[in-house]
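# Analysis of the macromolecular model
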Amino acid sequence: MTPPNPYDEDVRAFLDQWRAPSPDPQGKQRVIELFSAPVPARRQSLRWAWLIARSQVRLVHPATWIASVLVIALGIGVTIALYQPTLSGTDLPFVLIAPLVAAVGVAFLYGLDSDPPLELQLSTPVTPRVILLARLTLLFGFNLFLGVAGSLALTFVHAEISLLPLILAWLAPMTFLSALAFLTSVILFDPLLSVFISLFIWVSQVVRRAPIDLLSLER
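This section reports on the structure supplied with the text. Computed from a predicted model, the values in this text were never measured in an experiment.

With that out of the way, let us pick up the overall build of the protein. In terms of regular secondary structure, the protein is built from nine helices and zero strands. Listing each helix as α and each strand as β along the protein from the N terminus yields α-α-α-α-α-α-α-α-α. Burial status across the protein gives 29% buried among its 219 residues. Roughly 15200 Å² of accessible area belongs to the protein as shown, and the carbon and sulfur atoms make up 71% of that amount.

Moving on, we come to the packing of aromatic side chains. Summed over all chains, the structure comprises two aromatic pairs. Arranged with centres 4.9 Å apart and planes meeting at 90°, the rings of W65 and F142 form a pair that is edge-to-face. With W65 in helix α4 (residues 62-82) and F142 in helix α7 (residues 128-157), this residue pair connects regions lying 77 residues apart in the sequence. Among the residues examined, W65 registers a relative accessible area of 17% and is labelled buried. For F142, a relative accessible area of 24% puts it in the partly exposed group. Summarising the aromatic geometry, the rings of F94 and W170 are spaced 6.5 Å apart at their centres and angled 85° between planes, so their arrangement reads as edge-to-face. Of this pair, F94 sits in helix α5 (residues 93-107) while W170 sits in helix α8 (residues 163-188), and the two are 76 residues apart along the sequence. Take F94: its relative accessible area is 1%, and that puts it in the buried class. A relative accessible area of 0% means that W170 is categorised as buried.

Moving on: unusual backbone geometry. Of note in this structure, F189 is not a glycine but carries a positive phi near 60°. For F189, the location among the structural elements is in the loop between α8 and α9 (191-218). Residue classification places F189 among the partly exposed positions, given a relative accessible area of 45%.

Below, the discussion takes up the packing of α7 against α8. The N-to-C vectors of α7 and α8 enclose an angle of 155°; their axes lie 10 Å apart at closest approach. Accordingly, the angle class assigned to the pair α7 and α8 is roughly antiparallel. For the crossing formed where α7 meets α8, the hand is right-handed. Side by side, α7 and α8 meet where L132, L136, F140, N143, L144, G147, V148, S151, L152, L154 and T155 of the first sit next to L163, L166, I167, W170, L171, M174, T175, S178 and F182 of the second. Per-class residue counts for the contact of α7 with α8 are 14 nonpolar, six polar and no charged.

Turning to the nonpolar core, a few remarks are in order. Note on soluble globular proteins: their nonpolar side chains tend to be buried together. Core analysis: the largest hydrophobic core is formed by 17 residues, its most contacted members being I72, L92, F94, V95, L166 and W170. Elements with a contribution of two residues or more to this core: α4, α5, α7 and α8. With near-sequence residues (within four places) excluded, L92 lies in contact with T79, Y83, L87, I161 and L166.

In this structure, A149 sits in helix α7. The spatial distance from the C-alpha of A149 to the C-alpha of I76 is 9.9 Å, given a sequence separation of 73 residues.

With 15 residues, α5 should cover 21 Å at 1.5 Å per step; its first-to-last C-alpha distance of 22 Å lies within 8% of that length. α5 sits mainly inside the fold: 11 of its 15 residues count as buried. Among the residues making up α5, those that are buried are P93, F94, V95, A98, P99, V101, A102, A103, G105, V106 and A107.

Contact geometry for α4 and α5: axes closest at 8 Å, N-to-C directions at 170°. Viewed along their axes, α4 and α5 adopt a mutual orientation that is roughly antiparallel. Where α4 abuts α5, its residues T64, S68, V71, I72, G75, I76, V78 and T79 lie against P93, F94, I97, A98, V101 and G105. Among the residues forming the contact of α4 with α5, the class breakdown is nine nonpolar, five polar and no charged.

Calculation notes
Residues numbered from 1 in each chain as written. Predicted model: local features only at pLDDT ≥ 70, side-chain atom pairs only at ≥ 80, totals over all residues. Heavy atoms only, no water. Helix = DSSP H or I, 4+ residues; strand = E, 2+ residues; numbered from the N terminus. Buried < 20%, exposed > 50% of the residue type's maximum accessible area, 1.4 Å probe, protein only. Areas by Shrake-Rupley, 256 points an atom, 1.4 Å probe, with all protein chains shown as cover. Phe/Tyr/Trp six-rings, centres within 6.5 Å; stacked < 30°, edge-to-face > 60°. Axes fitted to C-alpha atoms, helices over the stretch in contact; angles between N-to-C directions. Parallel < 35°, antiparallel > 145°, perpendicular 65-115°, else oblique. Left-handed = near helix turned anticlockwise from the far one by under 90°. Contact = heavy atoms within 4.5 Å. Nonpolar A, V, L, I, M, F, W, Y, C, P; charged D, E, K, R; others polar. Core = buried A, V, L, I, M, F, W, Y, C linked by side-chain atoms within 4.5 Å. Expected span 1.5 Å × (residues − 1).

Given below as C-alpha cells:
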C-alpha cells in the first residue's frame, strides 16, 4: 500500500481556499483587440525569421563557431607573415583556407548529432526544412562576416592588396563548397564524407592551377 503523501493535505487546503478571479469585461476586450489587430505581413515575417535564426544559435555546436574564428585568424596571420607582392590574390593562404572553413562547418549542420531535440522540432509549426535553412543561413553568414573582416584586416596591413578582388577570390569558392557540402551531407547522410568530397575538389583545383602560376613566375 502506497504511504500517504504529506503534501496532499497542503494542496487540498490551497485548492479549497482558492477562488477564481472575477471576470473583467474591459480587460477581456483589450486582449481581444490586441490579438486581432492587423500586423503588417512584412514585419511579422521578418520577426518570425529572426526568432527562428536566433533559436538555432544554441543548436550549432560551440566548437563550430570557435574553430571558424581560430582558423580564419590563423589564415590571416599566415597570409600577413608570408605575403609577397608577386603573389596573386587567388594564391594567398587566406583565400585557400576561408572556403574550407565554411564548407566543413556546413557539412555538420545536418544529421542526428546536430538535432538532439528532433522530436520537439517535429511537433512545432515550423518545418524542419525552414529550421535547417535558418541554420545554414546563420552559419554561412557568420563565415561570410569573418571572411570580410579578415579581408579588411589584410588590406589594412598590406595596402597593395585590393579589397574587392580579394573578397571575390574567396567568396565564390566559399559559396560553391558550402552548397556542395550541404547537399552531399543531406544526400549521403555522412558529414565526414561530405567534407572529404569538398576538400578533394578544392585541393584538385588548387593543384591544377599551381603549374600555371609557376610558369607565369618563371617568365
